[in-house]
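Spelled out, the chains give:
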Amino acid sequence: MSLRQDAQTIYQAAIRASLPDRAVRDALADWTPPAGRTLLLAVGKAAWRMAQAAQQTLGGRIDGGLVVTKYEHSEGPLNGIEIIEAGHPVPDDNSVRAAQRALALTENLTEQDAVLLLISGGGSALLEQPRIPLDELQSVTEALLASGADISEMNIVRKRLSTVKGGQLAAHCAPAHVEALLLSDVLGDKPDTIASGLSAVDGAPESAALQIAQRYDLPLSPQARDCLARPLPQALPHVRNRVIGGVSVLCRHAAEACAVLGYQPEILTESLCCTARDAGVFLSNIAQHYAGRGEKRAFLAGGETVVRLTGHGKGGRNQELALAAAEGLRGLTGAAVFSVGSDGTDGPTDAAGGYADGTTWDALRAQGISVPQVLQDNDAYHALAACGGLIKTGATGTNVNDLSVLLIEN
């Protein structure tokens, strides 16, 4: 079996094992809804599958609901539940409509009612009622995405420009009980960072948002700057947050798949947080050290890298990571690096990630494509497409961060 085939087997097995269905069912097995109404609100890239699992578990005890997910991430109708698809990673008009529907669904509740809040990554963009004009929020979001800020920093800012994030959606549901199940796509699995904390009190210092805005020179109006100093809810006693899955599950199952294929797996980290280029170079450096020893090894890293935009090309962090490994892998036989987003999307592309091996650099050079120039242009998508290095899975139904793997077969 080729390295490319092994890579496909590994990431497919890891993603399949990370689907939220079982985690949701297990979390709800001993949860008893209160005497009043039970409403379901699912937000994020994994919202549809989480909602389906909850509906299958609770059956007729759900009295209505709403699923908000990314375009093309719904898998069909759910009985009695409205479905809205919206923009990601930048909010759009449907994101605002989704927030309006969510707030309408959860208003005028009593202590006898409950809201089952199913949250997964992507919710920051998918559900939005901004405190500033939408076009300005879109500009700020695009600036954050281009800046190299990590997801925690981005969400600290986004919470304060919104009326539903930073615990504000959960506060709106009071006095009803909010049972929040969270599928984590952030380092540390912090409820206040996942989807910008729809159900959790913000843990950042009061001045953090303004400091981040200054650090990355964000294009903020006076109104937006005032919002960054705005206080958020300090307590949510009616809320219970439970993280039911994350990148550790993804890495564990990927390592198990590697072992089945005969690789000796080693999980380097579940908290990868650096630029995509640095991560790709680092994995290729490991390859240079271990290749040719006659050992079948797999080195795995889970987390979320960042991309600093220096060009105007097309790509995503996983594609850039794989392509950045190409120079270090050049000429090595039996070594490859692949990186995928568990949700099946990487940046504003139809790819989940990328693959590179010892032939990638020269294959591109033979076509007149310079890898350093491509990386400078942030155009990994087109380069990987030219050498068969794109990984496409389609929407997977989960979202538990990224998986990056170095495979060495000899």
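For clarity, every value in this text was computed on a predicted model and none was experimentally measured.

Mapped onto the elements, Ser95 comes out in helix α4 (residues 93-105). In terms of polar contacts, Ser95 uses its side chain to reach the backbone carbonyl oxygen of Ala125, at 2.8 Å. For Ser95, the residues in contact, after removing those within four places along its chain, are Ala86, Gly87, Ala125, Leu126, Leu127 and Glu128.

Bringing the sheet that holds strand β6 (residues 239-245) into the picture now. Taken together, six strands build an open sheet; the order of strands is β3-β2-β1-β4-β5-β6 and the sheet is parallel. The open sheet has two edge strands, β3 (81-86) and β6, and neither has a second partner. Adjacent strand axes in the sheet meet at a mean angle of 15°, parallel and antiparallel pairs treated alike. The pairing of strand β1 (residues 38-43) with strand β2 (residues 65-70) spans four bridges and is parallel.

Spatially, six strands are ordered β7-β8-β12-β9-β10-β11 in an open sheet, and the strand pairing comes out mixed. Since the sheet does not close on itself, it has two edges, and those belong to β7 (264-272) and β11 (390-391), each with one partner. Across two bridges, strand β10 (residues 353-357) lies against β11 in antiparallel orientation. Across the sheet, residue Gly354 finds its bridge partner in β11, namely Leu390. Sheet contacts for helix α11 (residues 247-260): β7, β8 (297-303) and β12 (402-408); angle to β7, the most-contacted strand, approximately 165°. Set on the sheet, helix α12 (residues 276-290) makes contact with β7, β8, β9 (335-341) and β12; between it and β12 the angle comes to about 20°.

On to the pairing of β8, then. Within β8, seven of the seven residues are buried, which leaves it mostly tucked inside the rest of the structure. Burial along β8 is two-sided: the face carrying Arg297, Phe299, Ala301 and Gly303 and the face carrying Ala298, Leu300 and Gly302 are both buried. Here β7 runs beside β8; their pairing, made up of six bridges, is parallel. The residue of β8 that forms the bridge with Leu272 is Gly303. Crossover connection from β7 via α12 to parallel β8: handedness right-handed. Strand direction decides the pairing type here: β8 and β12, joined by seven bridges, are antiparallel. What sits directly across from Ala301, in β12, is Ser404.

Looking at soluble globular proteins, one finds that nonpolar side chains tend to be buried together. In terms of nonpolar packing, the biggest core is built from 51 residues, with Leu41, Leu127, Val157, Leu161 and Leu169 touching the most fellow members. Setting aside chain neighbours within four positions, we find Val157 in contact with Val140, Leu144, Ala209, Ile212, Leu218 and Leu228. Within the second largest apolar cluster, 50 residues are counted, among which are Ala42, Trp48, Val67 and Leu403.

Its 15 residues place the ends of helix α1 (residues 3-17) 21 Å apart at the C-alpha level, agreeing with the 21 Å of an ideal helix rising 1.5 Å per residue. For α1, the full list of buried residues reads Leu3, Asp6, Ala7, Ile10, Tyr11, Ala14 and Ile15. Buried positions in α1, seen along its axis, are confined to an arc of 155° and lie on one side of it. Looking at the buried residues of α1, the elements they touch are α11, β9, β10, β11 and β12.

Cut-off values and rules
Residues numbered from 1 in each chain as written. Predicted model: local features only at pLDDT ≥ 70, side-chain atom pairs only at ≥ 80, totals over all residues. Heavy atoms only, no water. Helix = DSSP H or I, 4+ residues; strand = E, 2+ residues; numbered from the N terminus. Polar contact = N/O pair within 3.5 Å; in protein donor to acceptor, adjacent residues only side chain to side chain. Contact = heavy atoms within 4.5 Å. Pairing = 2+ DSSP bridges. Axes fitted to C-alpha atoms, helices over the stretch in contact; angles between N-to-C directions. Buried < 20%, exposed > 50% of the residue type's maximum accessible area, 1.4 Å probe, protein only. Right-handed = clockwise from strand over helix to strand, strands pointing away. Core = buried A, V, L, I, M, F, W, Y, C linked by side-chain atoms within 4.5 Å. Expected span 1.5 Å × (residues − 1). Arc of directions from axis to C-beta.

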